[in-house]
Every structure is written in structure tokens, then in C-alpha cells.
Amino acid sequence: MARAGLTVDRLVAAAADLADEAGFENVSLSALARHFGVKDASLYSHVRNLNDLRTRLALHAGGELIDRIAAAVAGRAGKDALAAFAGAYRAYALDHPGRYAATQIRIDQALIADSPAMRRTAEITYGMLRAYGLDEPDLTDAVRLLRSTFHGYCALESAGGFGAARDVQTSWDKAVEALHLALTNWPREKSNDD
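### Side note on unusual backbone geometry
Omega for the bond connecting glutamate 136 with proline 137 falls within 30 degrees of zero, at 0 degrees, which places this linkage in the cis form. With respect to the element layout, proline 137 can be found in the loop between helix H7 (116–130) and helix H8 (138–158).

Here it is in C-alpha cells:
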């Protein structure tokens with residue numbers, strides 16, 4: 001029987017807090033059971049296993065991240081939208097390192113397709129990029145460029161990987177400016193009709 005008051009949502013919220021405090025890799029069913037003062041077995045009526053919990057955490061964190069991004073880009077377009085998107089992404093990654101790490105795990109494509117937060121992520125990201133006049137397959141390439149740039153920068157920054165005296169914020173602003181220029185001058189895929 002499930003312990004009264006223990007729900008999937010409470011487990012995921014506690015896992016998110018634990019991820020930020022101790023690192024995503026340290027999120028375990030045992031740690032959550034200790035947090036709630038229950039036996040590990042009590043959690044299995046709410047989640048199938050650790051992978052299920054971590055997947056739920058990734059979807060939860062992805063929803064939080066896109067909520068921040070959506071609020072930041074609302075009413076903006078072009079370079080302003082890109083800078084707001086980038087800033088919200090970076091702030092979330094630095095403010096919530098464990099949750100952010102969860103957003104980087106591979107999730108089953110069927111779960112992504114069923115997730116309102118993941119669909120919203122695609123809508124907002126692709127919508128911002130369409131303002132640059134991009135269509136498929138260029139949209140996918142541009143998303144990959146943005147994600148890898150943002151993720152790489154945030155990963156290096158959070159690990160203390162930038163040792164030069166140059167201000168990290170100034171370098172970030174230059175990176176966003178460079179991305180804007182790249183998107184504005186995107187080498188478009190030629191169609192077979194051309």
C-alpha cells in the first residue's frame with residue numbers, strides 16, 4: 001500500500017531538489033526513501049524504477065526550463081528573442097545544475113512526443129528560429145547549433161573552465177551575437193528544384 005501523502009509529483013519534486021543539492025548522478029530511490037522516511041519498496045507503487053524516476057525528473061526539468069524561456073522570449077523576435085532565450089537557458093543551467101543535467105539525458109522519443117512540455121519546447125525554439133527565415137532541414141541544424149553552444153558554454157562555466165581574465169558575461173554576449181550573425185547568414189540547404 002502506498003504511504004499516505006506520497007505521490008509521483010512529490011517524488012519528482014524531491015528528486016529535483018536532490019539533483020540540485022547533490023548532483024543528478026546521486027539521485028537514487030534509496031536517497032528519496034530516506035528523505036521521506038520510508039523503505040525503498042514504498043516508492044515502487046509510484047515509479048517503476050530509477051530510470052523511470054530520472055525520466056520523469058528530466059521531463060519535469062524540461063518543463064521548468066521552457067517555462068523560463070517562454071516568459072523571457074514573449075513579445076520578442078530576432079536578436080532580442082535569441083538573447084532572451086539564451087539568457088534564460090543559461091540562468092536555469094547555472095541556478096539548477098542537477099535539474100539541468102537531467103534535461104540532457106536521452107529520453108524515449110514516444111515519451112517526448114507525449115509530453116506537452118517537450119512539444120512546447122519545439123514550438124518556441126522553432127518559432128524563434130523561423131523569424132530568421134529558416135525551414136527544415138535548416139531548422140534542425142540551427143537547433144543543434146544553439147543547443148550545443150549553450151550547453152557547452154554552461155558546462156564549462158559551471159565547472160570553472162573559463163580561467164582567462166576576460167569577463168564571462170562579455171564572452172557570453174559575444175557568443176550570442178555570433179549566433180545571431182550565423183542565423184542571419186545561414187547557409188540554406190538547396191532543394192532539388194534549384
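### Focus on the nonpolar core
Of all hydrophobic cores here, the largest spans 33 residues; its most connected members are Ile69, Leu82, Leu129, Leu134, Leu146, Phe150 and Leu183. Listing elements by their share of this core, those giving two or more residues are helix H3 (50–73), helix H4 (78–95), H7, H8 and helix H9 (168–184). The leading source of residues in this core is H4, at 9 residues. One finds Ala16, Leu43, Leu53 and Leu59 within the second-largest nonpolar core, a separate group that totals 26 residues.

### Observations regarding the packing of H8 against H9
Interhelical geometry of H8 versus H9 gives an angle of 170 degrees and a closest axis separation of 11 Å. The orientation of H8 relative to H9 falls into the category roughly antiparallel. Judged by residue contacts, Ala142, Leu145, Leu146, Thr149, Phe150, Tyr153 and Glu157 of H8 engage Val168, Ser171, Trp172, Leu179 and Leu183 from H9. When its residues are assigned to classes, the contact of H8 with H9 shows 9 nonpolar, 2 polar and 1 charged.

### Comments concerning the packing of H4 against H9
Between H4 and H9, whose axes approach to 10 Å, the crossing angle comes to 135 degrees. Considering their axes alone, H4 and H9 lie oblique with respect to each other. With respect to the hand of their crossing, H4 and H9 are arranged in right-handed fashion. Residues Lys79, Leu82, Ala83, Ala86, Gly87 and Arg90 of H4 lie in contact with H9, whose contacting residues are Val168, Gln169, Trp172, Val176, Glu177, Leu179, His180 and Leu183. Class assignment of the residues belonging to the contact of H4 with H9 gives a composition of 8 nonpolar, 3 polar and 3 charged.

### Re the environment of lysine 39
Inspection of the secondary structure assignment puts lysine 39 in the loop between helix H2 (29–36) and H3. Assessed through its relative accessible area of 65%, lysine 39 is described here as exposed.

### Examining the pattern of salt bridges
Think of it this way: side chains of opposite charge can pair up when their charged atoms draw near. Applying the stated criterion across every chain yields a total of 9 salt bridges. For aspartate 17, the salt bridge goes to arginine 99, with nearest N and O atoms at 3.1 Å. Here arginine 99 lies in helix H5 (residues 97–102) and aspartate 17 lies in helix H1 (residues 8–22), a separation of 82 residues in the sequence. The exposure class assigned to arginine 99 is buried, which follows from its relative accessible area of 8%. For the salt bridge of arginine 99 with aspartate 20, the shortest nitrogen-to-oxygen distance reads 2.3 Å. With arginine 99 in helix H5 and aspartate 20 in helix H1, this pair connects stretches of sequence that are 79 residues apart. Grouping residues by exposure puts arginine 99 and aspartate 20 together as buried.

The rules behind each value
- Residues numbered from 1 in each chain as written.
- Predicted model: local features only at pLDDT ≥ 70, side-chain atom pairs only at ≥ 80, totals over all residues.
- Heavy atoms only, no water.
- Helix = DSSP H or I, 4+ residues; strand = E, 2+ residues; numbered from the N terminus.
- Core = buried A, V, L, I, M, F, W, Y, C linked by side-chain atoms within 4.5 Å.
- Buried < 20%, exposed > 50% of the residue type's maximum accessible area, 1.4 Å probe, protein only.
- Axes fitted to C-alpha atoms, helices over the stretch in contact; angles between N-to-C directions.
- Parallel < 35°, antiparallel > 145°, perpendicular 65-115°, else oblique.
- Contact = heavy atoms within 4.5 Å.
- Nonpolar A, V, L, I, M, F, W, Y, C, P; charged D, E, K, R; others polar.
- Left-handed = near helix turned anticlockwise from the far one by under 90°.
- Salt bridge = Lys/Arg side-chain N within 4 Å of Asp/Glu carboxyl O.

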